[in-house]
Every structure is written in structure tokens, then in C-alpha cells.
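Residues per chain are reported as follows:
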Amino acid sequence: MCTRVVWQDATGAVYVGRNMDYHRDTGTNLWSLPRGISRTDGVGGGLRWTARYGSVVAAAFDLMTVDGMNEAGLAGHILWLTESEYGTYDPSRPALSMAVWLQYFLDNFATVADAAAWIQETDVQVVPLGDPATGEVPAVHLALDDATGDSAIVEYLDGKVTVWHDRRYRVMTNSPTYDKQLELLSRIDGFGGSEPLPGTTLASDRFARAAYYADRLPEPGSAVEAIAGMFSVVRNAAQPFRVPDPGKPYASQTLWQTVADLTGRRYVFASTTRPNVLWVELTGLDFREGAPARTLDLLGDTGLEGGLGGNVTSRFVETEPLRFLELGS
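Residues numbered from 1 in each chain as written. Predicted model: local features only at pLDDT ≥ 70, side-chain atom pairs only at ≥ 80, totals over all residues. Heavy atoms only, no water.

**Student:** Before we move on, could you go through the overall build of the protein and cite the residues and values that matter?
**Tutor:** The helix and strand tally for the protein stands at 5 helices and 20 strands. For a compact globule of 329 residues, the expected C-alpha radius of gyration is about 20 Å, and the protein comes in at 19 Å, within 12% of that figure. Dimensions of the protein, computed from the C-alpha atoms along their principal axes, are close to 55 × 50 × 40 Å. By the burial criterion, 55% of the 329 residues in the protein qualify as buried. In the protein, of all internal contacts separated by at least 6 residues, the share reaching a separation of at least 24 is 67%. Put simply, the protein shows about 13700 Å² of open surface, and 51% of that area lies on carbon and sulfur atoms. A distance of 1 Å separates the average location of the 27 positive side-chain charges in the protein from that of its 41 negative side-chain charges. (Helix = DSSP H or I, 4+ residues; strand = E, 2+ residues; numbered from the N terminus. Rg over C-alpha atoms; globule rule 2.2 N^0.38 Å. Buried < 20%, exposed > 50% of the residue type's maximum accessible area, 1.4 Å probe, protein only. Contact = heavy atoms within 4.5 Å. Areas by Shrake-Rupley, 256 points an atom, 1.4 Å probe, with all protein chains shown as cover. Lys, Arg positive; Asp, Glu negative; His and termini not counted. Charge placed at Lys NZ, Arg CZ, Asp CG, Glu CD.)

Rendered as C-alpha cells:
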């Protein structure tokens with residue numbers, strides 16, 4: 001599931017928050033990935049590149065980038081969309097595996113406009129991959145945002161890509177597709193309709209609440225106040241831990257939340273199962289070409305005392321670069 005919200009003018013700064021909602025633990029660690037790393041498309045095609053920008057990312061199972069931001073202030077967020085249909089893989093066309101899809105944009109672009117233009121120019125495919133542990137094949141869409149406040153939603157429907165590119169597209173949740181989400185929002189009081197603000201965990205209800213409260217955030221007096229304000233909005237759209245309802249065995253719950261300060265280059269992470277909020281200052285990381293990749297082990301941070309918290313920029317540990325899941329692996 002999940003929710004993503006952009007705050008475009010928090011006293012001259014841009015912040016974006018997201019909830020990661022899923023029916024099982026995503027085994028998430030944070031990674032610091034420098035410039036100069038060579039990557040491939042993960043599907044055996046001809047798309048290869050060298051990272052132009054360093055990034056901090058949250059990975060699922062250390063196999064796939066699902067959230068993160070780069071040193072230029074571009075951020076991206078993978079969310080579930082059941083209606084996603086990517087079409088039959090055509091090796092003659094540019095393509096990216098789902099695992100490296102978001103990372104491609106963080107590696108190569110500084111702005112949403114440039115990323116959106118590349119998608120339209122190349123008509124790039126996305127190739128879904130099965131979870132090697134369960135065989136489950138995710139169905140997802142992508143949100144991109146940048147330090148100018150620009151935003152884009154990227155969805156694959158009936159094998160074709162649609163890019164919703166506009167600063168107005170600040171909120172994203174899950175089903176239905178984005179055009180229908182906007183239609184449902186127009187029925188809510190305050191957005192052109194008369195229906196009251198809804199309160200369930202349905203994606204359309206979370207969409208309405210996130211849009212409503214994001215419009216009403218007070219001007220912050222500091223970065224701390226801005227981060228707290230964004231957390232207050234995504235927490236209002238969070239999903240509690242719960243026993244699934246009958247017939248809904250994969251009911252999601254919010255596992256973790258992030259707030260990215262795209263102006264100040266700060267990435268804030270909060271787990272719903274641990275008491276501490278932690279953050280990374282991208283300006284304090286070594287993204288130079290030739291610098292090592294580093295990781296921050298969040299899976300071992302389980303205690304109430306002595307766990308990770310506060311500024312963890314210096315606590316990343318040198319490691320091999322993140323190895324993305326590939327087609328056939």
C-alpha cells in the first residue's frame with residue numbers, strides 16, 4: 001500500500017513524506033551509493049549507465065530500491081498499484097527491471113522534468129520480477145519529486161506508460177489509478193464536492209486525508225518543525241498493525257516512514273517498531289567517484305536502549321554496492 005505527500009513551500013524548502021505499508025517486513029536497510037558505480041538494466045538488455053549522482057536509498061530485502069533521494073535533490077518512491085500492467089517484455093526496446101527502476105532516476109537525473117522527458121522520449125519498459133522468497137510479483141507505480149517542488153506520477157497500464165507531471169500532483173497512494181483518484185478527491189468537501197473527509201484505511205480515503213492536511217500545514221519556524229509537520233500528515237494516513245479482516249489475508253500495515261528534505265539534503269527515517277527517529281545528512285556523505293558504497297544496518301537495531309537514533313551519517317559501514325535483483329535470478 002503506502003502514501004506519499006509533497007510539501008512544496010515550507011518557508012522556502014521542499015519536503016516529501018511517505019509511509020511504507022506492506023503485509024510483511026521488507027527487510028529494509030539504508031544505503032549510501034556514490035557516483036561512478038556502473039549498473040545494468042537487470043533484464044539483459046542494452047541499457048547500461050554510470051551513476052552521475054550519489055544517493056541515499058531505502059532498499060527492500062537489499063534487492064530493490066523502494067525509496068530515496070540523490071545529492072541533487074531528486075527523490076523517488078515506489079508504491080503499490082494493483083492495476084499495474086507492464087506489457088510483454090520486448091528486448092528490442094529500452095527496459096529496466098522493477099528492482100533498479102527507481103535507482104536509474106536517482107543515478108541519472110537532477111530534476112523531475114528531465115526524468116519525465118526521458119521516459120516519454122524512450123518509452124522505457126518496466127519488467128516485473130518475482131520475490132525470490134515468496135514468488136510474489138509486485139505491482140507498483142512510481143512517484144518522483146525534486147527540490148523545485150516539481151512532481152510526477154508514473155504508472156504502467158495496459159502495457160503503456162502514463163506520466164502525470166505537474167506540481168499539483170502532490171499526493172499519491174494506491175488503487176485506483178491516478179486519474180480516478182483525482183476524480184474521487186473532487187467529491188470531497190474542500191476539493192469541489194460535498195462529501196465529508198473520509199476516515200478508513202482505503203487508499204482513496206488516505207489520499208483525501210493526506211491532501212486535506214497537507215493543504216493546512218502551518219508555516220514552520222525551523223527544519224525540525226517542518227519535518228514534524230510532514231510526519232504528522234503521513235501518520236494521519238498510516239495503517240495500524242492489525243489482524244487481517246476475513247477474506248483479506250494481505251492487509252497492510254505501516255512498517256516505516258520517511259521525510260526527505262529536498263532543499264537541505266536530509267533524509268529522515270522512522271520505524272514503527274522502534275522508538276528512535278534517525279536521519280542522514282547527504283552533505284556529510286562521501287559520494288565522490290571511487291568512494292565505497294556504505295550501508296546502515298537497520299535490521300539489527302531492535303533494542304529500546306542504545307539503538308540507532310539521531311544523526312547517523314557517520315555510522316554507515318563500508319560494503320559492496322547494492323546488488324539488485326535481476327531477471328532470471
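**Student:** Would you mind going over helix α5 (residues 223-236) in detail, with residue names and values included?
**Tutor:** With 14 residues, α5 extends 20 Å between its outermost C-alpha atoms, agreeing within 8% with the 20 Å of an ideal straight helix rising 1.5 Å per residue. Within the span of α5, buried status applies to A226, I227, G229, M230, F231, V233 and V234. Looking at the packing, one finds that the buried side of α5 touches β1 (3-7), β2 (15-22), α4 (203-214), β15 (253-261), β16 (266-271) and β17 (277-281). (Expected span 1.5 Å × (residues − 1).)

**Student:** So, the nonpolar core: which residues are in play, and what are the values?
**Tutor:** If you look at the biggest cluster of nonpolar residues, it comprises 102 residues, and the most contacted ones within it are Y15, L30, L96, W101, F105 and W118. With residues up to four places along the chain from it excluded, the contact list for L30 reads V57, A58, Y267, F269, L278, V280, R294, T295, L296, L298 and F316. (Core = buried A, V, L, I, M, F, W, Y, C linked by side-chain atoms within 4.5 Å.)

**Student:** Tell me about the packing of aromatic side chains, and please be specific about residues and values.
**Tutor:** Here the structure, examined in full by the defined rule, presents 17 aromatic pairs. Plain terms: the ring middles of W49 and Y104 are 4.7 Å apart, the flat faces sit at 80° to each other, and that makes the pair edge-to-face. Linking W49 in strand β5 (residues 48-50) with Y104 in helix α1 (residues 101-108), this pair joins segments that are 55 residues apart in sequence. In terms of burial, W49 and Y104 fall into one category: buried. Grouped by ring-pair contacts, the aromatic residues W49, Y104, F105, F109 and W118 constitute a single cluster. The side chain of R216 reaches across the aromatic face of Y212, ending 3.6 Å from its centre. (Phe/Tyr/Trp six-rings, centres within 6.5 Å; stacked < 30°, edge-to-face > 60°. Lys NZ or Arg CZ within 6 Å of the ring centre and 35° of its normal.)

**Student:** Now, about the packing of helix α3 (residues 178-185) against α4: what can you tell me, with residues and values included?
**Tutor:** The interhelical angle for the contact between α3 and α4, taken along N-to-C directions, is 65°, at an axis separation of 10 Å. For the pair α3 and α4, the sense of crossing is right-handed. Contacts from Y178, Q181, L182, L184 and L185 in α3 reach A203, S204, F207, A208 and A211 in α4. Classifying every residue of the contact of α3 with α4 by side-chain character gives 8 nonpolar, 2 polar and no charged. (Axes fitted to C-alpha atoms, helices over the stretch in contact; angles between N-to-C directions. Left-handed = near helix turned anticlockwise from the far one by under 90°. Nonpolar A, V, L, I, M, F, W, Y, C, P; charged D, E, K, R; others polar.)

**Student:** An account of the sheet that holds β16 is needed here, citing residue identities and associated values.
**Tutor:** Read across the open sheet, the 7 strands follow the order β14-β1-β2-β15-β16-β17-β19; overall the sheet is mixed. For this open sheet the edge positions go to β14 (171-172) and β19 (310-311), each flanked by a neighbour on one side alone. Two strands pair when backbone bridges link them, and β15 and β16 are joined in this way by 6 bridges, in the antiparallel orientation. Bridge pairing in β16 places W256 opposite S271. Against the sheet, α5 engages β1, β2, β15, β16 and β17, with an angle of about 35° to β2. (Pairing = 2+ DSSP bridges.)

**Student:** Any chance you could break down the pattern of salt bridges for me, citing the residues and the numbers?
**Tutor:** Close approach of charged atoms allows side chains of opposite charge to pair. Counted under the stated rule, the structure contains 12 salt bridges. Between D123 and R93 there is a salt bridge, with its nearest N and O atoms 3.1 Å apart. Of the two residues, D123 sits in the loop between α2 (112-122) and β10 (125-127) while R93 sits in the loop between β8 (75-80) and β9 (95-97), which places them 30 residues apart along the sequence. Its relative accessible area of 28% is what places R93 among the partly exposed residues. Ionic pairing is found between D215 and R170, a salt bridge with its closest N-O pair at 2.2 Å. Of this pair, D215 sits in the loop between α4 and α5 while R170 sits in the loop between β13 (160-165) and β14, and the two are 45 residues apart along the sequence. (Salt bridge = Lys/Arg side-chain N within 4 Å of Asp/Glu carboxyl O.)

**Student:** How would you explain the sheet that holds strand β3 (residues 29-33) if you had to name every residue and give the values?
**Tutor:** The strand order across the open sheet built from 9 strands is β13-β12-β11-β8-β7-β6-β3-β18-β20, with neighbouring strands paired in antiparallel fashion. Looking at strand neighbours, the two that pair on one side only are β13 and β20 (317-319), the edges of this open sheet. The average undirected angle you get between the axes of adjacent strands in this sheet is 25°.

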